[in-house]
Amino acid sequence: WTGWLGTPVHELSHVVMCLVFRHEIVDMALFRPDRANGRLGYVVHSFRSGNLYQEIGNFFIGVAPLIGGTAALLGLLMLFFPDTGQQSLFQTDLSMEFWGQVASAMSGLFAGLFQTRTLFTFRLWLFLYLVVCIGSHMGPSTDDYRGARKGVLLVLGILLASSLVLALFGTDSAAVLQSARGLMVPVMTILMTAIALCSLATAMVYLITDLYDRIRT
C-alpha cells in the first residue's frame, strides 16, 4: 500500500544518478514485487573499474534514494501546502544553531499542516499518505549501502583535499559550512518530518494488526 509510489521514486533516484555518473544500466524494474526475496524493484548497473568519475558515482548511486526521496517530498509539500513550506523551511532564524533551526522549522511545518481548517480536509490526508509512501521507501537497501562503499573513500578524500585547499588559500572552512545552512536545514527538516510521520504510521499499523489478531482469537 506504499510501495506502488515509494519504490519507483527509490529506483528512479538510482537511475538518475547512474545517468549522471555515466554508469551503464543493465536491467531495471521500477515496481516488480517478489514475495520470494521481498524485493520490490531493482536497478542493475555496471561501470568501468579504474574510472575515477564512475568509481565516485558508486557512492552517489547508493545513497540516491535519500536525495531523490527528499526532492520528491519537498515537491509534494510545495504542491499541496506551498505557503507552509515556504514559511517553515526557508524563513528560519539564522542566529540559531543548526539543530535549533531544524526544530523550529519542524515546529512551524507541523503547526501549518495540522490547523483546524485543514485537519479534516482530503488534501491533508492525501498529502500525509503520499509522504508515508515515499518516506517509507527512501532508505537505501543493504545492496545500496554495499555499492556506496565502493566510492565513499574517494568522496571523503575529495572532501579532505578540498578542506586543505581552502585552508591553504586562507578560507575558513567553518564559514563555508555555515553558508551551506540555507540548504541543509530544509533537507534535514524534510528527512526528520518523514521519519516522524513514517514512525507514526508504522505504530498505527502494528496497533491495528495487533487489535485485529486479538479480535480473531
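In case you missed it, the structure is sitting above this.
What comes next is a walk through the structure. This one's a predicted model, so the numbers in the text were calculated from it and none came from an experiment.

### A few points about the packing of aromatic side chains
Geometrically, a pair of aromatic rings is defined through the distance of the ring centres and the angle of the planes. Evaluated as defined, the whole model comprises eight aromatic pairs. Arranged with centres 5.3 Å apart and planes meeting at 10°, the rings of Phe 21 and Phe 60 form a pair that is stacked. Within this pair, whereas Phe 21 is found in the loop between α1 (3-20) and β1 (24-29), its partner Phe 60 is found in helix α2 (residues 52-62), the two being separated by 39 residues in sequence. By relative accessible area, Phe 60 is classed as partly exposed at 25%. Between Phe 81 and Phe 127, the ring centres sit 5.4 Å apart and the planes meet at 80°, which makes this aromatic pair edge-to-face. Taken together, the residues span a long stretch of sequence, with Phe 81 in the loop between α3 (64-80) and α4 (82-89) and Phe 127 in helix α7 (residues 122-135) at a distance of 46 residues. Look at Phe 81 and you get buried, because its relative accessible area is 4%. Looking at Phe 127, the relative accessible area reads 5%, which means it is buried. Members of the aromatic cluster, joined through ring pairs, are Phe 21, Tyr 53, Phe 59 and Phe 60.

### Comments concerning the side chain of Thr 84
You can see Thr 84 is positioned in helix α4. For Thr 84, a relative accessible area of 12% puts it in the buried group. Setting aside chain neighbours within four positions, we find Thr 84 in contact with Gly 108, Leu 109, Gly 112 and Leu 113.

### A short note on the pattern of salt bridges
Taken as a whole, this structure holds one salt bridge when the rule is applied. With its nearest N and O atoms 2.8 Å apart, the salt bridge here joins Asp 210 to Arg 214. Of this pair, Asp 210 and Arg 214 both sit in helix α10 (residues 181-216), four residues apart, roughly one helical turn.

### Quick look at unusual backbone geometry
Not every positive phi belongs to a glycine, and Arg 22 is a case in point at roughly 60°. For Arg 22, the position within the fold is in the loop between α1 and β1. Taking relative accessible area as the criterion, Arg 22 reaches 53% and is therefore assigned exposed.

### Observations regarding α1
Here α1 contains 18 residues, and its C-alpha end-to-end distance of 25 Å stays within 8% of the 26 Å for a straight helix at 1.5 Å per residue. Gly 3, Gly 6, Thr 7, Pro 8, Val 9, His 10, Glu 11, Ser 13, His 14, Val 15, Met 17 and Cys 18 are the residues of α1 that are buried. Directly after α1, the chain includes Arg 22, whose backbone phi takes a positive value near 60°.

### Notes on the side chain of His 137
Following the sequence through the fold, His 137 ends up in the loop between α7 and α8 (142-168). Overall, His 137 belongs to the buried group, its relative accessible area being 18%. Apart from residues no more than four positions distant in its own chain, His 137 is found in contact with Thr 2, Gly 3, Gly 6, Thr 7, His 10 and Leu 40.

Cut-offs and rules
- Residues numbered from 1 in each chain as written.
- Predicted model: local features only at pLDDT ≥ 70, side-chain atom pairs only at ≥ 80, totals over all residues.
- Heavy atoms only, no water.
- Phe/Tyr/Trp six-rings, centres within 6.5 Å; stacked < 30°, edge-to-face > 60°.
- Helix = DSSP H or I, 4+ residues; strand = E, 2+ residues; numbered from the N terminus.
- Buried < 20%, exposed > 50% of the residue type's maximum accessible area, 1.4 Å probe, protein only.
- Contact = heavy atoms within 4.5 Å.
- Salt bridge = Lys/Arg side-chain N within 4 Å of Asp/Glu carboxyl O.
- Expected span 1.5 Å × (residues − 1).

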